[in-house]
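The residues making up each chain are set out below.
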Amino acid sequence: ILPLLILVHLWDYGKPVIEVSVSLPEELTAEAGLCVVIPCSFTAGFTARHAVWYQCQETKDRCGDVDIIFHTNNNNRKGQPGFRGRVSLLEPDVRQRICSIVINDLKESDSGAYQFRVIGTRDSDRYQFLQKVLISVKGLSQKPTVEIPPLTEGREATLTCTAPGLCSGSAPEFLWTWSGAGGSISGNITTLTDRLNAIANRYSSTLTFNPSAEHHGTNITCTVRLTDDRTTEETVTLNVSCEITGETTVKEHETLNLTCSVDSFPPSRITWIKLSDLFLQNGTETVVQNDTSAELLNETETSEQEDGDKNSLIISDVTAGDSGQYIATQSISTRPSQKK
């Protein structure tokens, strides 16, 4: 949306004495619980001392004193108490003629028309622009972002959940929950605040734990609670790989022997897959993007040996064609068994 520039000449005995103008957007949309920034700049033929912002119904031509939401004069007690502490200028020095504001912890009731007024050092130097900015605050739809590093059994890993928005105002609360065959997850949870600039804070929470085979397939949910008990959440599925041992560099006609060791109950079944050169890992699924499906190693050239929770991949008389990237995927067996 292009900003609208309003240019006004104030006349005195047929001669222009003051020229004022303001640059504002016509409409803005935002989401409840987050923030909105109203970009604003102005010119005036006098030195600015105070900035005043109003919020009122769109049908009103001019907002009044009861509609004030922000005043740089701290002694001014007029206006709407619901906005106190939630509105601030991006540039505190009004003399710079920048009137942009940020409104934090938005509510649906903040929807409406916003007007700006500038007051100079003399009582006669004041002007309220009739141009309005229409702001529509909708329900919260953005979700947090959950980042998962590659998970290997027995190796400490950290999951990161980042709250939506960059200037939500008050710090949100984070809650980690999980469900699945893996049961509970024992780890350390830390909340972080990244100060990006004068108005932008990125809030996140980390969960550090030691993945095990039982955690494979577990659903992890990060719930973010914003102001007014608004919540948003994101759920991801853990994909835990086993620890692979063995020599990965062999000569032609030798034998490749790799072992994937897991400790799970019921025992895990390991499936070995050879990937094409180009693949994309998306969530818990591995998608091969080479116009061919993943090449499952057949029993004529490989063998899988199960020794308790150990599964080996053996390729005898290897050739150059056997070179490539191999992964071991695990699934929990449903057959009755006793853990050793």
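Just above, that's the structure.
This one's a predicted model, so the numbers in the text were calculated from it and none came from an experiment.

**Describing the nonpolar core**
Line of reasoning, step 1. Counting residues in hydrophobic clusters, the biggest one holds 33 residues, and the most contacted among them are Ile38, Phe42, Trp53, Ile103, Tyr114 and Phe116.
Line of reasoning, step 2. Aside from chain neighbours lying at most four places away, what touches Ile103 is Leu34, Cys35, Val36, Ile38, Ile69, Phe83, Arg86, Val87 and Tyr114.
Line of reasoning, step 3. One finds Val146, Leu159, Ala163 and Tyr203 within the second-largest nonpolar core, a separate group that totals 20 residues.

**A word on the sheet that holds strand β15 (residues 157-162)**
Line of reasoning, step 1. An order of β13-β15-β18-β17 is seen for the 4 strands of this open sheet, with the pairing classed as antiparallel. Only two strands of the sheet have a single partner each, and these edge strands are β13 (145-147) and β17 (187-195). Along the sheet, successive strands turn relative to each other by an average axial angle of 20 degrees, direction set aside.
Line of reasoning, step 2. The pairing of β13 with β15 spans 3 bridges and is classified as antiparallel. What sits directly across from Thr145, in β15, is Thr162.

**Brief notes about the packing of aromatic side chains**
Line of reasoning, step 1. Tallied over the full model, the rule gives 4 aromatic pairs.
Line of reasoning, step 2. Note on Tyr127 and Phe129: the rings are 5.0 Å apart at their centroids and 75 degrees apart in plane angle, and the pair reads as edge-to-face. No difference in accessibility class separates Tyr127 from Phe129, as the two residues are buried.
Line of reasoning, step 3. Clustering of aromatic rings is evident, with ring pairs tying together Phe42, Trp53, Phe116, Tyr127 and Phe129.
Line of reasoning, step 4. Its end group placed over the ring of Phe83, Arg86 keeps NZ or CZ at 4.9 Å from the ring centre.

**Regarding the side chain of Thr152**
Line of reasoning, step 1. Position of Thr152 among the secondary structure elements: in strand β14 (residues 151-152).
Line of reasoning, step 2. Judged by relative accessible area, Thr152 falls into the buried class, the value being 17%.

**Quick word on the state of the cysteines**
Line of reasoning, step 1. For the structure on display, the rule yields 4 disulfides.
Line of reasoning, step 2. A disulfide bridge connects Cys56 with Cys63, and the sulfur atoms are separated by 2.1 Å. Its S-S torsion of about -60 degrees marks the bond between Cys56 and Cys63 as left-handed, since a negative value means left-handed.
Line of reasoning, step 3. Among the residues examined, Cys56 registers a relative accessible area of 4% and is labelled buried.
Line of reasoning, step 4. Owing to a relative accessible area of 2%, Cys63 belongs among the buried residues under this scheme.
Line of reasoning, step 5. Each sulfur of the disulfide joining Cys161 and Cys222 lies 1.9 Å from the other.

Reading the values: the criteria
- Residues numbered from 1 in each chain as written.
- Predicted model: local features only at pLDDT ≥ 70, side-chain atom pairs only at ≥ 80, totals over all residues.
- Heavy atoms only, no water.
- Core = buried A, V, L, I, M, F, W, Y, C linked by side-chain atoms within 4.5 Å.
- Buried < 20%, exposed > 50% of the residue type's maximum accessible area, 1.4 Å probe, protein only.
- Contact = heavy atoms within 4.5 Å.
- Pairing = 2+ DSSP bridges.
- Helix = DSSP H or I, 4+ residues; strand = E, 2+ residues; numbered from the N terminus.
- Axes fitted to C-alpha atoms, helices over the stretch in contact; angles between N-to-C directions.
- Phe/Tyr/Trp six-rings, centres within 6.5 Å; stacked < 30°, edge-to-face > 60°.
- Lys NZ or Arg CZ within 6 Å of the ring centre and 35° of its normal.
- Disulfide = S-S within 2.5 Å.

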